[in-house]
Amino acid sequence: MGFIYENIVRPVLFKMDPEQAHYLGRNSLMTMSALPTLCNLVRSYNLIKESEPVKLFGLEFANRVGLAAGMDKDGEFPRAIEALGFGHAEVGTVTPFGQSGNPTPRLFRYPEHNALINRMGFNNNGAGAMHNTLSKNYHKAERGMPVGVNIGKAKMTPLEDAAQDYLASFRKLADQADYFTINVSSPNTQGLRDLQGATFLRDLLQTLRNENLYYAKSMGHIPHPLLLKIAPDLSFEEIDEVLEVLLDLNYDGIIATNTTVQRPKEFKSRESGGLSGGSFIRQRSKELIKYIHKSTGGKLPIIGVGGIDSVESACEKIDAGASLVQIYTGWIYRGPFFTRKLVKGLKSQN
């Protein structure tokens, strides 16, 4: 399957505009999601489970591989993602109301590096639309894998009001999310990364934690797992500050990492945006995972993301201290059946 994709399908897709190819893939996955019998058939081939489910955040994951946020921005095709062998999916990033994102072109391929640059800018249909889609097509009570909802700040919202955006999306989607990821690390919404700093982070995360506890109490549920997604461009000192807040507020985990604004010296493109995929982000995310794991004594679960395009690169994340991994760019380059290969390879290493 991988040979067919990489030698026949991918060359055709890569002749298309990157965003046009994305929407073609999106539409195909939406069509597949609307056909439960097909999904069940595909899933019977692709799904490889661990000997025992991976238990994390109070949830159960059939395997360690998930789809990172950014691919399914509106929760439109998680049923197809499950069928293709993933153990979980993260949808979004979603904002309280729909927004168009940044001007095009805003997505660029670099096959020589197995990398992408994007400056999408949280283009999405809004929390209300995502709620309607998930509740209708992949309801929490009926799904076969955890779905995380990645929430962010709208482009036009001032930083001092950012917490209200996160609260609004949380409230709208609380009955459909298995966990929430707070995205303060995308480089493509102006000022967003400032929310990682001491001025804003503690207040933001405490506000969301309090809302989570209130919601759980009012509904008679246990609180949702809350995770923070960080940038790979933070210094170790900045990471220490972030970890202090997460541990103080009893957050459930951390996702390391988002895309990077750094460019390796061999990378010649001058396009702005977040770089994903390739050896540079693979190494940087591994370093941060290892640092976080050591700094917290393994007390803070980590989802490892960045540059995973092989079993070896996924194993690196697990060996460094990650409990789960997520893929995005590697899936684009390796194809839809790459997940099965990855899960099978990770299982053989356990």
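This structure is a prediction, so every number in the text was calculated from the model and none was measured. (Residues numbered from 1 in each chain as written. Predicted model: local features only at pLDDT ≥ 70, side-chain atom pairs only at ≥ 80, totals over all residues. Heavy atoms only, no water.)

Next up on the list: the sheet that holds strand E11 (residues 274-277). Note on sheets: strands pair through backbone hydrogen bonds, and any given pair is parallel or antiparallel. As summarised here, the arrangement of the three strands in space is E5-E6-E11, forming an open sheet in which the pairing is antiparallel. Each having just a single partner strand, strand E5 (107-110) and E11 make up the two edges of the open sheet. Adjacent strand axes in the sheet meet at a mean angle of 20° when their direction is disregarded. (Pairing = 2+ DSSP bridges. Helix = DSSP H or I, 4+ residues; strand = E, 2+ residues; numbered from the N terminus. Axes fitted to C-alpha atoms, helices over the stretch in contact; angles between N-to-C directions.)

Attention shifts here to the pairing of E5. Sheet faces and side chains relate simply in a regular strand, where the side chains alternate between the two faces. Side chains Leu-107 and Arg-109 project from E5 onto one buried face, and the interleaved Phe-108 and Tyr-110 project onto a second face that is buried too. Sheet analysis places E5 next to strand E6 (residues 115-118), joined by four bridges and oriented antiparallel. Bridge pairing in E6 links Leu-107 to Asn-118. The antiparallel pairing of E5 with E6 creates a hairpin that spans four residues between the two strands, and Asn-114 there sits at a positive phi of about 50°. (Buried < 20%, exposed > 50% of the residue type's maximum accessible area, 1.4 Å probe, protein only.)

To continue, consider the packing of aromatic side chains. In this structure the tally under the stated criterion is nine aromatic pairs. Ring geometry for Tyr-45 versus Phe-337: centroids 6.4 Å apart, planes at 70°, classification edge-to-face. On the criterion of sequence distance, the pair formed by Tyr-45 in helix H3 (residues 36-46) and Phe-337 in the loop between helix H11 (329-334) and helix H12 (338-349) is long-range, its members being 292 residues apart. Given the relative accessible area of 27%, Phe-337 is considered partly exposed. Through pairs of rings, three or more aromatic residues link up here, namely Phe-57, Phe-61 and Tyr-179. Just above the ring of Phe-14 sits the side chain of Arg-109; from NZ or CZ to the centre is 4.4 Å. Sitting over the ring of Tyr-45, Arg-340 keeps its end group 4.3 Å from the ring centre. (Phe/Tyr/Trp six-rings, centres within 6.5 Å; stacked < 30°, edge-to-face > 60°. Lys NZ or Arg CZ within 6 Å of the ring centre and 35° of its normal.)

Tyr-166, Ile-182, Leu-205 and Trp-331 are the most contacted members of the largest nonpolar core, which totals 90 residues. No other element matches helix H6 (residues 162-173), which puts six residues into this core. Setting aside anything within four residues of it in sequence, one finds Ile-182 in contact with Ile-151, Tyr-166, Leu-204, Leu-205, Leu-208, Leu-226, Leu-227, Leu-228, Lys-229 and Tyr-251. Membership of the second largest hydrophobic core comes to six residues, among which are Phe-108, Tyr-110, Ile-117 and Phe-267. (Core = buried A, V, L, I, M, F, W, Y, C linked by side-chain atoms within 4.5 Å. Contact = heavy atoms within 4.5 Å.)

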